[in-house]
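# Residue-level structural notes
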Amino acid sequence: MSPKLVDKDQRKQEIAMAALGVFAEHGFEATSISQIAKAAGFSKATLYLYFDSKNDLIVEAASAWVAAIEEGSLPQMDAKEDPLTRLRALFRATTQAFLDDPRIIMLFLGVAHVALRDRELLDRLDLVRKVSA
């Protein structure tokens, strides 16, 4: 029997999305790697094959969430539209995503709170560049 092929990018995404749910439920600081492993259906050892730390997980989860928002809003945005119209479409999509799962707002506030004390996490989340741009 040949070994099962694993799509590592897909597995990483699955773990990150499971982490996002656990972070949203319990808060970033209160969440443990064990809780994430259980929610993802993998062992802690498997999680550490894909992520070095909880910070790595939140960065990946936040990136995946933002990418999903952008993908959802791109069909609504016409490249020929002016920037303000495109920004409004992105804002509507983001607002709808927050309304669909209000726990995400609490998660992002919690992560922002932690990131303000952890410069490395703040830089990795790329908040400084986006806010100052």
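Located above this text is the structure these notes cover.
Residues numbered from 1 in each chain as written. Predicted model: local features only at pLDDT ≥ 70, side-chain atom pairs only at ≥ 80, totals over all residues. Heavy atoms only, no water.

Turning next to the overall build of the protein. Helix and strand counts for the protein stand at eight helices and zero strands. Listing the helices and strands of the protein from first to last along the sequence gives α-α-α-α-α-α-α-α. Out of the 133 residues in the protein, the part that is buried amounts to 32%. The contacts of the protein with a sequence gap of at least 6 include a subset with a gap of at least 24, amounting to 60%. Accessible surface, the protein as shown: approximately 8,800 Å² in total, 58% of it carbon and sulfur. (Helix = DSSP H or I, 4+ residues; strand = E, 2+ residues; numbered from the N terminus. Buried < 20%, exposed > 50% of the residue type's maximum accessible area, 1.4 Å probe, protein only. Contact = heavy atoms within 4.5 Å. Areas by Shrake-Rupley, 256 points an atom, 1.4 Å probe, with all protein chains shown as cover.)

As for its placement among the helices and strands, Glu70 is situated in helix 4 (residues 54-73). Sequence separation between Glu70 and Leu90 is 20 residues; the distance between their C-alpha atoms is 7.0 Å.

Relative to the assigned elements, Leu20 resides in helix 1 (residues 8-26). Take Leu20: its relative accessible area is 5%, and that puts it in the buried class. Note: C-alpha distance between Leu20 and Leu57 (37 residues apart in sequence) is 8.3 Å. Excluding residues within four positions of it along the chain, Leu20 makes contact with Ala61, Trp65, Ile104 and Leu107.

Let's shift gears to the nonpolar core. In this structure, Phe23, Ile36, Leu57, Ile58 and Leu121 are the most contacted members of the largest nonpolar core, which totals 33 residues. Secondary-structure elements contributing two or more residues to this core are helix 1, helix 2 (33-40), helix 3 (44-50), helix 4, helix 5 (83-100), helix 6 (103-117) and helix 7 (119-125). Per-element accounting of this core gives the leading share, eight residues, to helix 1. Excluding residues within four positions of it along the chain, Ile58 makes contact with Phe23, Phe28, Leu107, Val111, Leu121 and Leu125. (Core = buried A, V, L, I, M, F, W, Y, C linked by side-chain atoms within 4.5 Å.)

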